[in-house]
Amino acid sequence: MDAEGLLDPAAAANGNNSAPAVWVFGYGSLCWYPGFDYSDCITGYIRGYVRRFWQGNVTHRGTKEQPGRVATLIEDKEGITWGCAFRVTGRDALDYLSQRECTLGGYATEYIKFYPRVASEQSGISGEAFPTLVYIATPKNEYWIGEEPVLVTARKIVESRGPSGHNVEYLIRLAMFMRDELPGASDEHLFELEGLVRRFLAEANINVEQLMVGNTTLRRIRRDAHEEVRRHVTFEYTSRVPDTKLRCLHI
């Protein structure tokens, strides 16, 4: 399916098919540094996958001699991965992502249902899931690392740096996004890695802040703009329950 063939649910609700748009799901560096223009950004999750740092990186957060570790998605029928979806229109953003994620990063594309965390009439987004374009690394790419002990992954992150900055920055900013934007959402793999990395840095007397300089122009992304009051995530467990149709009983 061509990306422009995915109908934006907000546009469909308004009967507007003149400007095809696509939603892109971010679960790694896109969460804090998209690097492209977008019209809306909302938080939510996808089902059937978990986030793992099993992909090597030699173009942004590592080198060929010392590949960094970045996130990808691994199939897990009970899994939930939290992140954010960006609505983009036109080819510029998609071409940029193709170069960043596929050509340089070794990722392939899939279309996966995204479940918005917050819904409102003003946003044009209902509570129903809609398809998003997702970039996923597979074992077929040359940078694939695969499963390795979490201690090894943490050490590699501490040791790796690339043209876009230190690998530690990638991990820490992603953990910060989860805590700041999705308080209450869990990701054991991510937070275990963060804890180990912070411990290794402390043992080496390295200040984390010294490694967080790769993107000095980062600005806070306005997400869920239609939400007046930020709420804690409270439905992660119920989101694992299969979709069912309920009948009304007259008692």
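Structure: see above.
Notes on the structure follow.

Criteria and thresholds
All residue numbers refer to positions counted from 1 along the written sequence of the respective chain. The predicted nature of this model means local features are confined to residues of pLDDT at least 70 and side-chain atom pairs, given and counted, to a pLDDT of 80 or more, with totals for whole chains, interfaces and linings taken over all residues. The side-chain numbers reported here are obtained from all heavy atoms of the structure, hydrogens and water having been left aside. A carboxyl oxygen of Asp or Glu within 4 Å of a side-chain nitrogen of Lys or Arg is what we treat as a salt bridge. Helix and strand labels come from DSSP, where a helix needs a run of H or I of at least four residues and a strand needs a run of E of at least two; each type is numbered from the N terminus. Each residue is placed in one exposure class: buried if its accessible area under a 1.4 Å probe, protein chains only, is under 20% of its type's maximum, exposed if it is over 50%, and partly exposed if it falls in between. Stacked, edge-to-face and tilted labels apply to pairs of Phe, Tyr and Trp rings (six-membered ring for Trp) whose centres lie within 6.5 Å, assigned for plane angles under 30 degrees, over 60, and everything in between, in that order. A 3.5 Å cut-off defines polar contacts: any pair of N or O atoms within that distance qualifies, except that in protein one atom must be a possible hydrogen donor and the other a possible acceptor, and neighbouring residues in sequence count only when both atoms are side-chain atoms. Residue contacts are counted whenever heavy atoms from the two residues lie within 4.5 Å of one another.

1. Digging into the pattern of salt bridges
- Summed over all chains, the structure comprises 8 salt bridges.
- Put simply, Arg-173 and Glu-169 hold a salt bridge, and the shortest N to O gap is 3.0 Å. With Arg-173 and Glu-169 both in helix 4 (residues 167-181), this residue pair falls 4 residues apart, about one helical turn.
- Look at Glu-169 and you get buried, because its relative accessible area is 0%.
- Each of the salt bridges in this network shares a partner with another, and the network as a whole consists of Arg-61, Glu-169 and Arg-173.

2. Description of the packing of aromatic side chains
- Inspection of every chain in the model, using the stated rule, returns 10 aromatic pairs.
- Centroid distance Trp-23 to Phe-130: 5.2 Å. Interplanar angle 55 degrees. Geometry classified as tilted. Taken together, the residues span a long stretch of sequence, with Trp-23 in strand 1 (residues 21-26) and Phe-130 in strand 5 (residues 130-137) at a distance of 107 residues.
- Classification of Trp-23 by relative accessible area gives buried; the value is 2%.
- Arranged with centres 5.7 Å apart and planes meeting at 50 degrees, the rings of Phe-25 and Phe-114 form a pair that is tilted.

3. So, the side chain of Thr-81
- Inspection of the secondary structure assignment puts Thr-81 in strand 3 (residues 68-89).
- Since its relative accessible area comes to 1%, Thr-81 is described here as buried.
- At 2.8 Å, the side chain of Thr-81 and the backbone oxygen of Tyr-49 are in polar contact.
- Aside from chain neighbours lying at most four places away, what touches Thr-81 is Phe-25, Tyr-27, Gly-44, Tyr-45, Ile-46, Tyr-49, Val-50, Arg-51 and Leu-73.

4. As for unusual backbone geometry
- The phi dihedral of Asn-205 falls on the positive side, at around 55 degrees, and the residue is not glycine.
- Structurally, the position occupied by Asn-205 is in the segment after helix 5 (188-203).
- Of the residues examined, Asn-205 reaches a relative accessible area of 71% and is grouped as exposed.

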